[in-house]
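Inside the fold
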Amino acid sequence: MQFGKLILSLVIIAVVIMFTAVFTVNQTERAVVARLGNLIMDSQTGQPRVYQPGLHMKWPFISKVIKLDERIQTLDIPDQQVVTNEQKFLNVNLFVKWQVEDFSEFYKATRGDYLRAEQLISQRANNSLRSEFGNADLKQVVDTKRSIIMQAIQDDVNKSASSLGVKVVDVRIKSIELPPEVNESIYQRMSTEREEQAAQYRASGSATAEEIQALADRRATETLAGAQRDAQTIRGEGDAKAAQIYAEAYKQDPEFFTFYQSLNAYARAFSDKEDVLVLQPEGDFFKYFNSQAKQ
């Protein structure tokens, strides 16, 4: 009985030792092993040994496995206030893509602390950002030199990051904005400029309207004067023509013409039934009435 318990205990111990002596590394990871606080070194390179993905063995209980992420990391750097060479303040936001390249060097520099690595990368990126923006104006950092500035920051950060065993894959500027107080002053200036421009347009429009109105009035006056002149000319020609016709009619039969004119005069004189006209019957006006009465 005692022998069976002993065998069972030995089996349990062996299983525990086996599980503590075996470790796995995933495809997205690399690992280093520390034994009694010291990294296991590679006999060929003299550098800490880096374990690739797969199943590995270690000394149980006295060895510690430190796994490191091989994937590309994204460091989002908060807004930083920078100054251009025009002394214009800008709020710039950027992000850095980085990846562990030398795992043993990375562990020696940071003890596998990714947060510390990002702090060092962020500090270097901010210094490079201020330096690059300080050598350019607003138009350049927004348009013409933006890609050049991003590449320069990436190269600069890579120089210092190499001592950490990491590689900067990419640097991108997400946004470039003016500070709120500057935005407000620019808005006020633009609003004032637009109001002044609108006033100029209104004044120019009023002047143009007055010119058009004056031109229209002058043309209307000239057209009316010409029409009146033409009307008087036509009326004069008509009167002359009528006088000529009357003269020719008179020549043909003066007596009948005089009679006809008298009838027209009678019609005009007695057109209203309420009119009262007091004349001497012997006058020339009643010449033809008197002649008819005698007959």
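How each quantity is defined
Residues numbered from 1 in each chain as written. Predicted model: local features only at pLDDT ≥ 70, side-chain atom pairs only at ≥ 80, totals over all residues. Heavy atoms only, no water. Helix = DSSP H or I, 4+ residues; strand = E, 2+ residues; numbered from the N terminus. Buried < 20%, exposed > 50% of the residue type's maximum accessible area, 1.4 Å probe, protein only. Contact = heavy atoms within 4.5 Å. Areas by Shrake-Rupley, 256 points an atom, 1.4 Å probe, with all protein chains shown as cover. Salt bridge = Lys/Arg side-chain N within 4 Å of Asp/Glu carboxyl O. Expected span 1.5 Å × (residues − 1). Polar contact = N/O pair within 3.5 Å; in protein donor to acceptor, adjacent residues only side chain to side chain. Patch = residues over 30% accessible without salt bridge, like charges linked within 9 Å, V, L, I, M, F, W, Y side chains within 5 Å. Pairing = 2+ DSSP bridges. Axes fitted to C-alpha atoms, helices over the stretch in contact; angles between N-to-C directions. Parallel < 35°, antiparallel > 145°, perpendicular 65-115°, else oblique. Left-handed = near helix turned anticlockwise from the far one by under 90°. Nonpolar A, V, L, I, M, F, W, Y, C, P; charged D, E, K, R; others polar. pLDDT = per-residue confidence, 0-100. Core = buried A, V, L, I, M, F, W, Y, C linked by side-chain atoms within 4.5 Å.

Digging into the overall build of the protein
Secondary structure assignment for the protein yields eight helices and eight strands. A buried classification covers 24% of the 295 residues belonging to the protein. For the protein, restricting intrachain contacts to residue pairs at least 6 apart in sequence, the fraction spanning at least 24 positions comes to 64%. Carbon and sulfur atoms make up 54% of the accessible area of the protein, which amounts to about 20,600 Å² in all.

Considerations on the pattern of salt bridges
Pairing of side chains with opposite charge becomes possible as their charged atoms draw close. By the definition in use, this model includes seven salt bridges. For Asp 76, the salt bridge goes to Lys 174, with nearest N and O atoms at 3.1 Å. You can see Asp 76 sitting in strand β6 (residues 73-83) and its partner Lys 174 sitting in strand β8 (residues 166-177), a full 98 residues away along the chain. Lys 174 gets classed as partly exposed once you look at its relative accessible area, which sits at 44%.

With respect to helix α3 (residues 114-134)
An α-helical turn contains 3.6 residues, so a residue and the one three or four places further along point in the same direction. In this model, α3 (21 residues) spans 30 Å end to end at C-alpha, consistent with the 30 Å of a helix rising 1.5 Å per residue. Capping the start of α3, Asp 113 holds a side-chain oxygen 3.0 Å from the backbone nitrogen of Leu 115, two or three residues further along.

With respect to a nonpolar patch on the surface
On the surface, Leu 36, Trp 59, Phe 61 and Ile 62 cluster together into a nonpolar patch covering about 500 Å² of accessible area. Take Trp 59: it is sitting in the loop between β4 (54-57) and β5 (63-69).

Description of the sheet that holds β6
Taken together, three strands build an open sheet; the order of strands is β6-β7-β8 and the sheet is antiparallel. Since the sheet does not close on itself, it has two edges, and those belong to β6 and β8, each with one partner. Between one strand and the next, the sheet's axes are offset by a mean angle of 25°, whatever the strand orientation. Examined bridge by bridge, strand β7 (residues 89-100) and β8 share 10 bridges and lie antiparallel to one another. Paired with Asn 91 across the two strands is Glu 177, which belongs to β8. Most of the contacts of α3 go to β6, to which it runs at about 35°, and overall it touches β6, β7 and β8.

Considerations on the packing of α3 against helix α5 (residues 146-161)
Axis angle and axis distance: for two packed helices, these are the angle between their axes and the distance between the axes, and together they describe the pair. Direction vectors running N to C along α3 and α5 enclose 140°, while the axes themselves pass 9 Å from each other. The angle between α3 and α5 places the two elements in the oblique class. Two packed elements cross with a definite hand, and for α3 against α5 that hand is right-handed. Facing α3, whose interface residues are Ile 121, Arg 124, Ala 125, Ser 128, Leu 129, Glu 132 and Phe 133, α5 presents Ile 149, Ala 152, Ile 153, Asp 156, Val 157 and Ser 160. Its residues assigned to classes, the contact of α3 with α5 comprises eight nonpolar, two polar and three charged.

Some details on the confidence of the model for the protein
Scored by pLDDT, the protein has a mean of 79; 79% of the residues are at 70 or more. For the protein, helix α8 (residues 287-294) is the element with the lowest average pLDDT, namely 53, and α3 is the one with the highest, namely 90.

Considering the nonpolar core
Among the nonpolar cores identified, the biggest contains 35 residues, and Val 96, Trp 98, Phe 106, Phe 133 and Val 166 are the most heavily contacted of them. At the level of secondary structure, the elements contributing two or more residues to this core comprise β2 (29-35), β5, β6, β7, α2 (103-110), α3, α5 and β8. Among the nonpolar cores identified, the runner-up in size contains six residues, and Ala 31, Val 33, Ile 40 and Tyr 51 belong to it.

Quick notes on the side chain of Asp 69
Position of Asp 69 among the secondary structure elements: in strand β5. Among the residues examined, Asp 69 registers a relative accessible area of 18% and is labelled buried. Within the structure, the side chain of Asp 69 is placed 2.9 Å from the side chain of Arg 71, a separation counted as a polar contact.

Some remarks on unusual backbone geometry
Positive phi, close to 65°, is recorded for Gln 87, a residue that is not glycine. As for its position among the elements, Gln 87 is in the loop between β6 and β7. You can call Gln 87 exposed: its relative accessible area is 59%. Despite not being glycine, Arg 111 has its phi angle at roughly 60°, a positive value. Position of Arg 111 among the secondary structure elements: in the loop between α2 and α3.

Focus on the environment of Gln 27
Tracing the sequence through the fold places Gln 27 in the loop between β1 (22-25) and β2. Here the alpha-carbon distance between Gln 27 and Arg 71, two residues 44 residues apart in the chain, equals 9.7 Å. For Gln 27, the contacting residues outside a window of four places in its chain are Pro 53 and Glu 70.

Quick look at the sheet that holds strand β3 (residues 38-39)
Spatially, the three strands line up as an open sheet ordered β3-β2-β5, and their pairing is antiparallel. Where the open sheet ends on each side, the last strands, each with one partner, are β3 and β5.

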